[in-house]
Amino acid sequence: MLNSIKISAIVHATEDEDKVLEAIEFFIPEDVDEEKINLEVVETQGYFGNPIKIINVGVEGKEAKKIFKHIMDLIKSDERNLNKLKKDLHLRVEDNKFYVRFDKQRAYLGECRVIDGDDVIRTVFNFKIFAPKNKEEKVKEIVAEALELNEDK
């Protein structure tokens, strides 16, 4: 069972913060209650002292489930995403968390593309798993089922 979702992205000094927010909003369906979304913008510095902002969005409970379903549907809309996750799902699960990175520019353009890189929108799906062992296997099962990755078994 999904407990919470954290979505985050870095806004570089050369980027428009509103556009990065729009890219993040692409992953949040319209029927999510905005008052249940915890939005935080942290102003900090990059490695070389350059100013950056980190946008963090946190959602729990019922609203997180809506977002999870929406993101899974977005991922399923492109075969390349499914092939990538099929190949490396085991690398994206740790304990009771599932990690995915999305192309920030493509999200702004209304496209969902799973990538491994730095200029991304990071998502962390945190699941409530009550079994003391095999948490990672349970999370993989939940994600594989949501993405319909098990059809060839």
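Before reading on, note that the structure itself is shown above.
What counts, and at which threshold
- Residues numbered from 1 in each chain as written.
- Predicted model: local features only at pLDDT ≥ 70, side-chain atom pairs only at ≥ 80, totals over all residues.
- Heavy atoms only, no water.
- Pairing = 2+ DSSP bridges.
- Helix = DSSP H or I, 4+ residues; strand = E, 2+ residues; numbered from the N terminus.
- Phe/Tyr/Trp six-rings, centres within 6.5 Å; stacked < 30°, edge-to-face > 60°.
- Buried < 20%, exposed > 50% of the residue type's maximum accessible area, 1.4 Å probe, protein only.
- Core = buried A, V, L, I, M, F, W, Y, C linked by side-chain atoms within 4.5 Å.

Peer 1: Describe the pairing of strand β5 (residues 97-103), naming the residues involved and giving the relevant values.
Peer 2: Alignment of strand β4 (residues 93-94) against β5, held across two bridges, turns out to be antiparallel. Paired with glutamate 94 across the strands is lysine 97, a residue of β5. With seven bridges joining them, β5 and strand β6 (residues 120-127) adopt antiparallel strand pairing. Bridge pairing in β6 places tyrosine 99 opposite valine 124.

Peer 1: Explain the packing of aromatic side chains to me, and be specific about the residues and the numbers.
Peer 2: Counted by the stated rule, this structure contains six aromatic pairs. Here the aromatic rings of tyrosine 47 and phenylalanine 48 are separated by 4.8 Å at their centres, their planes lie at 90°, and the arrangement is edge-to-face. Each member of the pair tyrosine 47 and phenylalanine 48 is classed as exposed. What links up through ring pairs into an aromatic cluster is the set Phe68, Phe98, Phe125 and Phe127.

Peer 1: Can you explain the nonpolar core? Please cite residues and give values.
Peer 2: One finds Ile75, Phe98 and Phe125 to be the most contacted residues of the largest nonpolar core, which totals 42 residues. Put simply, the parts of the chain that give this core at least two residues each are β1 (2-12), α1 (17-25), β3 (51-60), α2 (61-76), α3 (79-88), β5, β6 and α5 (135-146). The element contributing the most residues to this core is α2, with seven residues.

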